[in-house]
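# Results of the structural survey
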Amino acid sequence: MNTGSTGVYSWNYNITGTSITGIISGDFDGDGTDDFALKASDSIYVVNCASQGAMFSVSLSSGSLRGFYAEDLIGVGGADELVTNVVDVGVTGYNSTGGIVWQGGAPLIYNVYSTESDCAFGDVDGDGFTDVIFTNYEYVSVLSGQTQRMLWHHVHDGPIYGPVVGKLDGSSTPLDILAHSGSEFFVISGSQVPPLWLPPTVAPPAASPSFMEVLIVSSAVGIPLCSVLVIGAVVSRRKLELTK
Ligand SMILES: [Ca+2]
Ligand SMILES: [Ca+2]
Ligand SMILES: [Ca+2]
């Protein structure tokens, strides 16, 4: 029986003082050689495989990291960004010097009962840039890789886990999202999504007439000045009561 030859030890890297609990590969400096990101309790350490030395690290709060990934969110066909999903922060992309170059800019909703959250990646809107699919308990949000803002979201009637991006209704249509919740597996169609999400516009409050404007109007219609002063005092007191 052929048992193969013994593997040859090549090189190692030691972060010293803490244990490695996870590892992913990606070309974080874009030189064509895969690098590694090592998760430890205090930080994520990115190792440059060409030099076999440290590239950069990202400090972590204990227990705050939900997941980390290597994805080319900035530019197309270039270096991968280190992408982290951190409780109360959301999704952040780091370049090869550890600088923040991508941040989920949508109003992410964080369920106070759960810190469960998964990420998946794919060009959901077909603009050529990789987008971020981000689950947050019963929500799935799709964030544009190019604009870092929400494209659309879906609300389910239970917690959503493990999103996967795929084409289920034809090769020419936008990507669909698959996920599971309890015993159910379901598909969110990429072809039937709401229009591009835009931040709500808040109309400025209508300006209340100034005292002088009231005085001018009251004078014009013959209301005595003393009546204006009494009404003004009553209105002010009513506002005070309402704010108590
Ligand atoms: Ca590299
Ligand atoms: Ca990139
Ligand atoms: Ca895209």
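Everything numeric in this text was worked out from a predicted model, so none of it was measured.

## A word on the nonpolar core
It is characteristic of soluble globular proteins that their nonpolar side chains tend to be buried jointly. Core analysis: the largest hydrophobic core is formed by 35 residues, its most contacted members being Val46, Leu82 and Ile133. With residues up to four places along the chain from it excluded, the contact list for leucine 82 reads Phe28, Ala37, Ile44, Val46, Val58, Phe68, Ala70 and Tyr94.

## Topic: the confidence of the model for the chain
Here the chain averages 80 in pLDDT, and 71% of its residues register 70 or above. Between residues 195-199, whose pLDDT stays under 50, and residues either more than four places distant or in other chains, the model counts 4 contacts. Across residues 228-244, confidence stays below pLDDT 50; counting only partners more than four residues off in sequence or on other chains, it has 5 contacts.

## Observations regarding the sheet that holds strand S15 (residues 184-188)
The antiparallel open sheet is built from 3 strands, whose spatial order is S13-S14-S15. Each edge of the sheet is formed by a strand with only one pairing partner; in this case those strands are strand S13 (161-166) and S15. Strand-to-strand twist of the sheet, defined as the mean angle between neighbouring strand axes without regard to direction, takes the value 20°. Two strands pair when backbone bridges link them, and S13 and strand S14 (residues 176-181) are joined in this way by 4 bridges, in the antiparallel orientation. In the strand pairing of S14, valine 165 is matched with isoleucine 177.

## Let's talk about the sheet that holds strand S8 (residues 100-103)
Within a sheet, neighbouring strands are paired by backbone hydrogen bonds and run either parallel or antiparallel to one another. Taken in spatial order, the 4 strands of this open sheet run S5-S6-S7-S8, and their pairing is antiparallel. The sheet terminates laterally at strand S5 (65-71) and S8, the two strands that pair on one side only. Pairwise comparison of adjacent strand axes, ignoring direction, gives a mean angle of 25° for this sheet. Here S5 runs beside strand S6 (residues 81-86); their pairing, made up of 6 bridges, is antiparallel. Paired with alanine 70 across the strands is leucine 82, a residue of S6.

## Observations concerning unusual backbone geometry
If you check the backbone angles, aspartate 88 has positive phi at about 70° while not being a glycine. Phi at tyrosine 137 takes a positive value of approximately 55°, unusual for a residue other than glycine.

## Considering the environment of phenylalanine 185
Mapped onto the fold, phenylalanine 185 is located in strand S15. Put simply, phenylalanine 185 and tyrosine 161 are 24 residues apart on the chain and 9.8 Å apart in space, counted from C-alpha to C-alpha.

How each quantity is defined
Residues numbered from 1 in each chain as written. Chains lettered and ligands numbered in written order. Predicted model: local features only at pLDDT ≥ 70, side-chain atom pairs only at ≥ 80, totals over all residues. Core = buried A, V, L, I, M, F, W, Y, C linked by C-beta atoms within 7 Å. Buried ≥ 20, exposed ≤ 12 C-beta atoms within 10 Å, placed from the backbone. Contact = placed C-beta atoms within 7 Å. pLDDT = per-residue confidence, 0-100. Pairing = 2+ DSSP bridges. Helix = DSSP H or I, 4+ residues; strand = E, 2+ residues; numbered from the N terminus. Axes fitted to C-alpha atoms, helices over the stretch in contact; angles between N-to-C directions.

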